[in-house]
Amino acid sequence: MQIVLNILVLGSIYSLISCGYVIIYKVSRVLNLAHGELMMVGAYLLLTTASAGWLGSPLAAIGLALVLSLTVGILVYVLLMRRMTGESVLAAVLTTIALGILIRGAVVLLWSAQHHYPATKLHIANPSIELFQNAKLSLISLILIGVTVATYAALFAFMRFGRWGLRMRATGQNALLAAQRGVNLHAVYALAWGISTFTGAVAGMLIALDSGLDSTIVMIGLKAFPAALVGGLDSLAGAIIGSIIISASEVILIQHFNPLLSDAVPFLILIAMLVIRPWGLFGTREELDRV
Amino acid sequence: MMLKVQNLEVLYQRSILGVADISIDVPKGHIVAIIGANGAGKSTTLRAISGFIGLDDARVSNGSILFDGRRIENRFPHQIAHLGIALVPERDKVFPNLTVQENLEIVASRTGHAERRHLEASIYDSFPRLAALKAKLAGLLSGGERQMLAIGSAIMCSPTLLLIDELSLGLAPVIVDDIAERLMRIRDELRLTILLVEQSTAIALRMADYAYVFENGRVVLSGSTDELRNDSSIQDAYLGTSGGEQRNYRHVRNRAQGPAK
Ligand SMILES: Nc1ncnc2c1ncn2[C@@H]1O[C@H](COP(=O)(O)OP(=O)(O)OP(=O)(O)O)[C@@H](O)[C@H]1O
Ligand SMILES: [Mg+2]
């Protein structure tokens, strides 16, 4: 039973992160390879607001960090990616790689490489909860699962019924036609970057609250990328399935084989997937040609 | 003059000439047609008016486009849409993975909620076929239905000037007549001005008041459609209505002056 819970928690973490890859890809065909780093920034922003005494309550600290993360995402688009809009996708992807490297360096400079515990700073307790016999979860892991479910429900509803969600889908299909129909592409892309960074930051914060924070958190963001790709980069539902597949293989192999494999497994699956079915389980086949 | 295009030159990829020197006038309330052979620059002209995005790798490199006295060349398409120009493109005219209703829904119109509802009602009134297909994915529509939806979503932008690239392309004559008739009705209702690109000279001459003939990115001839219809040398040389003989332009005068003011 414990193993199922572990898969569920890890799968939720990957799902919450990988939806960010999917949203930006779906809207602009750009692979945001700085997503892991932006997730890390979200976690460190929480560390900063947690250290700011004047905020009073933990909720205020989390709220402010969330708002800041959303702003960071929008700023990344406005200051950096906006120039790439409508240009070659490759240039944009290379830019995100450079951005990722830059963020890694900046994080160590600003917050040091040491291990931090934002939960202690915020006086948030994280008790173990026994859900079944011999199967325990930390409180924050449980919250993380709930937040993931809520996030996906909101995203599905937004993309299906929200006017701006529909505009995001339309822009992903045919940006020129969307623009000709009066849709401001910059607004759509900025929104996509905002939502993507926001959801990534939520994941980063919850991971940091659960198990502390140092710059290796970026590895989790990287491992969520195979999850998004296995599911199909333009499919939100695929991101969930991909995340479950990756987390299940990872947890099972750690348990029964060799813990050292954990970081390699997602990428082995990624390579296998690229060979067999590069557009992913739920992705659109033709979409891949455009990358 | 509602739309005034002067000496328009468009370059693709900084070097490929899309159109060389186009001047056209579209007076308010009129229907003006552009005809010409494949590659003459008809679509390029309409797309220059409605705006390019970076991905097109195209720009207006010379000349000007004036809409209601304002220069609009090289602006973003959404800005131009907000000024009141809407395009029915030649290809990729609907969002295939959205339903008919959603295709209308995503339009960022320049008008308020009430006007939107009113426009939507007009569209479904004029094209009852669309009303029956509201929940269907646009990718599954027939060519004719797709064209109706494309016209509908352009009208959803609440334009004063409607640009239509190839109304009749790939459609059966009965369907074209039907769509044209409904288009004329909605045009009267909303007092639209129309700039129409057509492969089919017969349709262009029937619908429009005035027409321009394009050849290799230039205007080689223009006149009221009555004039063009009755001028047999023009019929032979440009409009290809008298059979498959070789085209010979030398004996035709260039009368590219623009419609009566
Ligand atoms: N995206 C593009 N890149 C480069 N050249 C282009 C592009 N689009 C059009 N052209 C060129 O510009 C010229 C004008 O093309 P345009 O599509 O405007 O012609 P058209 O009159 O609409 O033809 P058709 O009747 O076939 O639709 C052609 O020589 C064409 O090859
Ligand atoms: Mg054309």
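Just so we're clear, the structure is a prediction, and the values are computed from it rather than from any experiment. (Residues numbered from 1 in each chain as written. Chains lettered and ligands numbered in written order. Predicted model: local features only at pLDDT ≥ 70, side-chain atom pairs only at ≥ 80, totals over all residues. Heavy atoms only, no water.)

So, the overall build of chain B
Then, in step 1: Counting its regular elements, chain B contains 10 helices and 10 strands.
Then, in step 2: Counting all 261 residues of chain B, 57% fall into the buried class. (Helix = DSSP H or I, 4+ residues; strand = E, 2+ residues; numbered from the N terminus. Buried < 20%, exposed > 50% of the residue type's maximum accessible area, 1.4 Å probe, protein only.)

Observations concerning the interface of chain B and chain A
Then, in step 1: Listed per partner, the contact involves 32 residues of chain B and 22 residues of chain A.
Then, in step 2: Roughly 2,300 Å² of surface becomes buried between chain B and chain A when both sides are summed, with 58% attributable to carbon and sulfur atoms.
Then, in step 3: Looking only at chain B, the three residues that lose the most surface to chain A are B:H78, B:F95 and B:I106, adding up to 26% of its buried area.
Then, in step 4: Taken together, the links from chain B to chain A amount to two salt bridges.
Then, in step 5: Between A:R160 and B:E102 there is a salt bridge, and its shortest N-O distance comes to 3.8 Å. (Contact = heavy atoms within 4.5 Å. Buried area = accessible area lost by both parts, 1.4 Å probe. Salt bridge = Lys/Arg side-chain N within 4 Å of Asp/Glu carboxyl O.)

Focus on the packing of aromatic side chains
Then, in step 1: Counted under the stated rule, the structure contains six aromatic pairs over all chains.
Then, in step 2: The side chain of A:R167 reaches across the aromatic face of A:W164, ending 4.8 Å from its centre.
Then, in step 3: Against the face of B:Y124 rests B:K134, its NZ or CZ located 4.6 Å from the ring centre. (Phe/Tyr/Trp six-rings, centres within 6.5 Å; stacked < 30°, edge-to-face > 60°. Lys NZ or Arg CZ within 6 Å of the ring centre and 35° of its normal.)

Focus on the packing of helix α6 (residues 143-156) of chain B against helix α7 (residues 173-190) of chain B
Residues and elements named next belong to chain B.
Then, in step 1: Close contact between α6 and α7 brings their axes to 11 Å; oriented N to C, the two are set at 15°. Considering the angle they form, α6 stands roughly parallel to α7. In the packing of α6 onto α7, the handedness of the crossing is right-handed. Contact residues: α6 offers G144, Q147, M148, I151 and I155, while α7 offers I175, D178, I179, L183, I186 and L190.
Then, in step 2: Taken together, the residues of the contact of α6 with α7 break down into eight nonpolar, two polar and one charged. (Axes fitted to C-alpha atoms, helices over the stretch in contact; angles between N-to-C directions. Parallel < 35°, antiparallel > 145°, perpendicular 65-115°, else oblique. Left-handed = near helix turned anticlockwise from the far one by under 90°. Nonpolar A, V, L, I, M, F, W, Y, C, P; charged D, E, K, R; others polar.)

Topic: the site of ligand 1
Residue and element names in this part refer to chain B.
Then, in step 1: Lining the immediate surroundings of ligand 1 are 15 residues, of which N38, K42, S43, T44 and Q199 lie closest.
Then, in step 2: Within the side chain of N38, a nitrogen or oxygen atom sits 2.7 Å from an oxygen atom of ligand 1.
Then, in step 3: The separation between an oxygen atom of ligand 1 and a polar side-chain atom of K42 is 2.7 Å.
Then, in step 4: Of all elements in the fold, only β2 (16-26) and α1 (42-50) reach the threshold of two or more residues within the shell around ligand 1.
Then, in step 5: When residues of the shell around ligand 1 are assigned to their parent elements, the largest contribution, three residues, is made by α1.
Then, in step 6: Grouping the amino acids of the shell around ligand 1 by side-chain chemistry returns four nonpolar, eight polar and three charged. (Near = heavy atom within 4 Å. Polar contact = N/O pair within 3.5 Å; in protein donor to acceptor, adjacent residues only side chain to side chain.)

Digging into unusual backbone geometry
All names here are of chain B.
Then, in step 1: For Q13, which is not glycine, the phi dihedral falls at a positive 45°.
Then, in step 2: Assignment of secondary structure puts Q13 in the loop between β1 (3-12) and β2.
Then, in step 3: Given the relative accessible area of 45%, Q13 is considered partly exposed.
Then, in step 4: Within the chain, N216 stands out as a residue other than glycine whose phi angle is a positive 50°.
Then, in step 5: Secondary-structure assignment places N216 in the loop between β9 (210-215) and β10 (218-224).
Then, in step 6: Overall, the relative accessible area of 61% leaves N216 in the exposed class.

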